[in-house]
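# Report on the structure
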Amino acid sequence: MENSNRREFIKTVGMGAAAIGAGIASNAVPAMAKDEKTFKWKMVTTWPPHFPMLGESADKIAEWVNEMSGGRLQITVYAGGELVPALGAFDAVSQGTVEMGHSASYYWSGKCPAAQFFAAVPFGFNAQSINAWIYSGGGMELWEKLYAPFNMKPFLAGNTGVQMGGWFNKEINSMADFNGLKMRIPGLGGKILAKAGGNSILMAGGEIYTNLERGVIDAAEWVGPFHDLKLGFHKAAKYYYYPGWHELGTAFELMVNLKAWNSLPDDLKAILNAATYKSNIWMLSEFEAKNNAALRELIDVHKVQLKEFPEPVIKELKKLSKEVLDEQAATDPAFKEVYESFLAFQKNIYGWNKMSEEPYQKLKYI
Ligand code: CA
């Protein structure tokens, strides 16, 4: 509470006490004074300022929390590099330099390999299934356990939906076409490309276009139609492949420093939690609505050639993905624990999807 407000408040309570008795006032003051405390928090992110959907969802969490809390929890959002480097968000929240961070957990594969399951792993979950696993299938408990030693509490905060397989200047007709292929594909997807004989080349989003156009790389994955169209990749590559087998529904996270979290009263905790649910559904809805509009533009206006990875290629990539995940599980007990939960849930949800989503997709549309 501001000092002037507090003086006004104490004066009012004092008048009440004089009129109706000191007992009521002494009960009311501490309770209300505690509830009125204002928290000013910082949220670092991995995104450029107000980056469509990703940075925007961080902005919106701050806006919604401010609205719902009547200004009692105020969050200032920082783009990547403003306060700490884009990939410094994990350490900044873990060490309590800031209270919160908005990112994707697969960026922390070097510090905490199992974290990747809570963003995306190749041939992993789509948005619907990762939500089901994390919210209702035991995933959240594992994620909290994984982040607790880092003094953090994780929340789901968004999802891209199914990503695209990427932009290629060479056709992929068989696994042999990956031989020597230079592709921008980070993380586990890159490891799998390397197993297939290709070269995974790391670069930031802003460098992809020029490298693709100049032939420094033969292919690049980014996100999906909406973001890819904005960066103009259709002018630098011939074929647009699907599906994004390596990122079938990448989830985003809000990391909260545990000490900061524990300092919040229960209602602010509930508000923050609710804002992350809202953000999760908001981002996926934006992606689904805007990707389909952008895809139409890519096809109708820019005459982009869409290609599906051949089935034998997908089958082989899946085999390589399993090998990569198994290898990591063999060396890291935390990874193994999360992997087992992931595999069990995937098996079950697949059994249900065969009766629900697969027939639904075959019904097509009216
Ligand atoms: Ca991607």
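Residues numbered from 1 in each chain as written. Predicted model: local features only at pLDDT ≥ 70, side-chain atom pairs only at ≥ 80, totals over all residues. Heavy atoms only, no water.

### Digging into the nonpolar core
Formed by 58 residues in total, the largest nonpolar core has its most connected members in Phe117, Trp133, Tyr147 and Phe178. Of the domains in this structure, domain 1 (39-160 + 249-288) and domain 2 (166-244 + 306-362) are the two that each give at least three residues to this core. Those residues in contact with Tyr147, other than ones at most four positions away along the chain, are Phe90, Ser105, Trp108, Cys112, Ala115, Met152, Pro154, Glu253 and Met255. Within the second largest apolar cluster, 50 residues are counted, among which are Ala104, Trp167, Ala236 and Leu268. (Core = buried A, V, L, I, M, F, W, Y, C linked by side-chain atoms within 4.5 Å. Buried < 20%, exposed > 50% of the residue type's maximum accessible area, 1.4 Å probe, protein only. Domains from an automatic or database assignment. Contact = heavy atoms within 4.5 Å.)

### Observations concerning the sheet that holds strand 1 (residues 39-45)
Spatial strand order, 2-1-3-10-4: 5 strands in an open sheet with mixed pairing. On the outer flanks of this sheet lie strand 2 (73-78) and strand 4 (152-159), each paired with one strand and no other. Averaged over neighbouring strand pairs, the angle between their axes works out to 25° when direction is ignored. Bridging between strand 1 and strand 3 (residues 100-103) involves 3 bridges; their strand directions are parallel. Residue pairing in the sheet places Met43 in a bridge with Met100 of strand 3. (Pairing = 2+ DSSP bridges. Helix = DSSP H or I, 4+ residues; strand = E, 2+ residues; numbered from the N terminus. Axes fitted to C-alpha atoms, helices over the stretch in contact; angles between N-to-C directions.)

### Quick look at the side chain of Lys269
In this fold, Lys269 is placed in helix 11 (residues 266-300). Asp266 provides the closest opposite charge to the buried, salt-bridge-free Lys269, at an N-O distance of 4.2 Å. Among residues more than four places away in sequence, those in contact with Lys269 are Trp261, Asn262 and Leu264. (Lys, Arg positive; Asp, Glu negative; His and termini not counted. Salt bridge = Lys/Arg side-chain N within 4 Å of Asp/Glu carboxyl O.)

### Describing the coordination of the calcium ion
Ideal values for angles at a metal depend on the geometry: 109.5 degrees with four tetrahedral donors, 90 or 180 degrees with six octahedral donors. Donor atoms from the polypeptide that bind the calcium ion are Gln163 (OE1), Glu221 (OE), Glu221 (OE), Trp222 (O) and Glu247 (OE), placed at 2.3 to 2.8 Å. The motif formed by the donor residues of the calcium ion, counted along the single chain, is Q-x57-E-W-x24-E. Within this pair, whereas Trp222 is found in the loop between strand 8 (219-220) and helix 9 (225-231), its partner Glu247 is found in the loop between strand 9 (239-242) and strand 10 (251-257), the two being separated by 25 residues in sequence. When its relative accessible area of 17% is taken as the criterion, Trp222 is described as buried. Residue Glu247 is classed as buried on the basis of its relative accessible area, which comes to 6%. (Donors = N, O, S within 2.8 Å, 3.2 Å for Na, K, Ca; no water.)

### A word on the packing of aromatic side chains
Within this structure, the stated rule accounts for 26 aromatic pairs. A ring pair is formed by Trp133 and Phe342, whose centres lie 6.4 Å apart and whose planes are at 80°; its orientation type is edge-to-face. Taken as a pair, Trp133 in helix 5 (residues 127-136) and Phe342 in helix 13 (residues 333-355) lie far apart in primary sequence, 209 residues in all. According to the relative accessible area criterion, Phe342 is buried, its value standing at 2%. Relative to Tyr241, the ring of Phe168 lies with its centre 5.0 Å away and its plane at 70°, an arrangement referred to as edge-to-face. Pair noted here: Phe168 is in strand 5 (residues 166-168) and Tyr241 is in strand 9, with a separation of 73 residues, a long-range link. Given the relative accessible area of 1%, Phe168 is considered buried. With a relative accessible area of 1%, Tyr241 lands in the buried category. (Phe/Tyr/Trp six-rings, centres within 6.5 Å; stacked < 30°, edge-to-face > 60°.)

### What to know about the domain arrangement of the protein chain
Entries for the protein chain in the domain assignment read domain 1 (39-160 + 249-288) and domain 2 (166-244 + 306-362). One C-alpha centre belongs to domain 1, the other to domain 2, and the line joining them spans 24 Å. Facing the 23 residues of domain 1 at the interface are 27 residues of domain 2. When the two sides are added together, the surface that domain 1 and domain 2 hide from each other amounts to roughly 2200 Å², 76% of it contributed by carbon and sulfur. Considering only the surface of domain 1 that becomes buried against domain 2, Phe117, Pro122 and Phe123 emerge as the three largest contributors, covering 30% of it. Joining domain 1 to domain 2, the criterion identifies 1 salt bridge. Between Lys145 and Glu337 there is a salt bridge, with the nearest N and O atoms lying 2.9 Å from each other. (Buried area = accessible area lost by both parts, 1.4 Å probe.)

### Brief notes about the layout of surface pockets
Roughly 2200 Å³ of internal volume is contained in the largest pocket. Surrounding the largest pocket, 47 residues form its lining, Asn126, Val162, Pro243, Leu248 and Gln361 being those nearest its centre. For the lining of the largest pocket, the secondary-structure elements that each account for two or more residues are helix 5, helix 11, strand 11 (305-308), helix 12 (311-331), helix 13 and helix 14 (357-363). Each of two domains, domain 1 (39-160 + 249-288) and domain 2 (166-244 + 306-362), supplies a minimum of three residues to the lining of the largest pocket. Volume-wise, the second largest pocket comes out at about 820 Å³. Every element with two or more residues in the lining of the second largest pocket is listed here: helix 7 (187-195), helix 8 (205-213) and helix 9. No other element matches the 3 residues that helix 7 contributes to the lining of the second largest pocket. Grouping the amino acids of the lining of the second largest pocket by side-chain chemistry returns 21 nonpolar, 10 polar and 3 charged. (1 Å grid on protein atoms, 1.4 Å probe; cavity = no way out; pocket = protein on both sides within 12 Å on 5 of 7 lines; lining within 4 Å. Points joined across faces, edges and corners; volume = space filled by probe spheres on them. Nonpolar A, V, L, I, M, F, W, Y, C, P; charged D, E, K, R; others polar.)

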